[in-house]
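Listed below, chain by chain, are the residues.
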Amino acid sequence: MGGQRIGIVGSGLIGRAWALLFASAGYRVQLYDILESQIATALDDLREELQQLEAKGALRGSLTAAVQFELISGCTQLKELVQDALHIQECVPEQLQLKRSLYAQLDELLEPQTVLASSTSTFMPSLFSESLKRRSQILVAHPLNPPYFIPLVELVPAPWTTEEALERTRLLMLALGQRPVVLKREIQGFATNRIQYAILNEVWRLVSTGIISVADADRVLSDGLGMRYALMGSLETAHLNAPGGIADYFQRFGGEIAAVSATYGPTPDMGAEAETLAEIARQCEELVPLEALPARRAARDEFLTRLAQLKRQLP
Ligand code: NAI
């Protein structure tokens, strides 16, 4: 593993997080960015972050912070980044044209043994790989923020991605201590955002019709459903909630679920519903003023660190 090289394209928030994850498992990581100054800033930040994680006892892997930092270096040439790489993780901004032109460039450089994975949260891999020579080596590996504390990675193949590229990436994610899930084929929103948006839609409808406040709608998740979901998903939850397991659960409650679901109403167009948006923003900002967002993000990360530790202690 020590000699295997990982290339990261784009050294912003997510590129840096991937650098930490790969280094924690002993991979040599090169960070590339279109802005050279950004690479230097990223390396400084990573050194500091590793030291802080170590001081807090939250450093992943068995190597010290100093050793992990030694594994990470900057790189100013795409060609050099791609050479002999086992895996390239793309983390440039979420703009389709930008991704398309970058993938066209990478296509000329990519070697046959390299898997090229995009961190994109919205673009299906076929959208930026269809016309490429190396398209069978390209897929999506979508993390959740902050990836250092949330282990899920969604792996999404294009119709032409090989099973081998998918399986190799799955094993690589496991080697990092991440928890990959594999979609059998691409779909808009992948699995995570489809489920997340279903929740957002209903929360929006409940708040906009005056049924519940923003604070209480969020507490339905944080103090209720989310307590279970940190351990098990919605299907296992159902499986445990009826004496005869999940088949029994849906036989008992399927009719009720369908009846409630039929009352949901149309999908909200959140950006266009100015009045509801202003009201939701007002309530959210009352709970967490904009100037308090950094502190609240830090609290979230602290909580997720402890939750991740707790989950690792469980059998
Ligand atoms: P960011 O804006 O923090 O970082 C993007 C970096 O890419 C910047 O350093 C920029 O200089 C660099 N860049 C721009 N054009 C480039 C090019 N042609 N070649 C090389 N580098 C280039 O963005 P962020 O948040 O890290 O997002 C990156 C990707 O990760 C996006 O596809 C996003 O959808 C995905 N993602 C983001 C999450 C988030 O919460 N921010 C969560 C999961 C995925």
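As annotated in an unreviewed UniProt entry, the chain carries the name 3-hydroxyacyl-CoA dehydrogenase NAD binding domain-containing protein and comes from Drosophila navojoa. Under Sequence similarities (unreviewed entry), UniProt gives the following word-for-word description of the chain: "Belongs to the 3-hydroxyacyl-CoA dehydrogenase family."

**Section: the site of the ligand**
Neighbouring residues of the ligand: 23 residues in total, closest Ile14, Asp33, Gln38, Glu94 and Lys99. Between the ligand and Ile34, the relevant distance is 3.3 Å, taken from a nitrogen atom to a main-chain nitrogen or oxygen of the residue. The protein chains hide 79% of the 840 Å² of surface that the ligand would expose on its own. Among the secondary structure elements, those contributing two or more residues to the shell around the ligand are α1 (13-24), α5 (96-109) and β6 (138-143). Each residue belonging to the shell around the ligand can be placed in one class, and the counts come to 11 nonpolar, nine polar and three charged.

**Remarks on the UniProt feature "domain: 3-hydroxyacyl-CoA dehydrogenase NAD binding" (unreviewed entry) in the chain**
Using the residue numbers shown here, the UniProt feature "domain: 3-hydroxyacyl-CoA dehydrogenase NAD binding" (unreviewed entry) corresponds to residues 6-184. Helix makes up 42% of residues 6-184 and strand 22%, and the two end C-alpha atoms of the span are 25 Å apart.

**A closer look at the domain arrangement of the chain**
Taken as a whole, the chain is organised into domain 1 (5-182) and domain 2 (193-313). Taken together, the contact between domain 1 and domain 2 spans eight residues of the former and eight residues of the latter. Taken over both partners, the interface formed by domain 1 and domain 2 buries close to 690 Å², and the fraction arising from carbon and sulfur atoms is 54%. By the criterion of area lost to domain 2, the three top residues of domain 1 are Lys56, Pro146 and Phe149, representing 51% of everything that side buries. For Lys56, the salt bridge identified is with Glu302, shortest N-O distance 4.0 Å. Taken together, the links from domain 1 to domain 2 amount to one residue pair in polar contact (both at pLDDT 80 or more). Here the side of domain 1 that touches domain 2 is composed, by residue class, of four nonpolar, three polar and one charged.

Cut-offs and rules
- Residues numbered from 1 in each chain as written.
- Predicted model: local features only at pLDDT ≥ 70, side-chain atom pairs only at ≥ 80, totals over all residues.
- Heavy atoms only, no water.
- UniProt positions renumbered as here; feature names shortened; annotations may be inferred.
- Near = heavy atom within 4 Å.
- Polar contact = N/O pair within 3.5 Å; in protein donor to acceptor, adjacent residues only side chain to side chain.
- Areas by Shrake-Rupley, 256 points an atom, 1.4 Å probe, with all protein chains shown as cover.
- Helix = DSSP H or I, 4+ residues; strand = E, 2+ residues; numbered from the N terminus.
- Nonpolar A, V, L, I, M, F, W, Y, C, P; charged D, E, K, R; others polar.
- Domains from an automatic or database assignment.
- Contact = heavy atoms within 4.5 Å.
- Buried area = accessible area lost by both parts, 1.4 Å probe.
- Salt bridge = Lys/Arg side-chain N within 4 Å of Asp/Glu carboxyl O.

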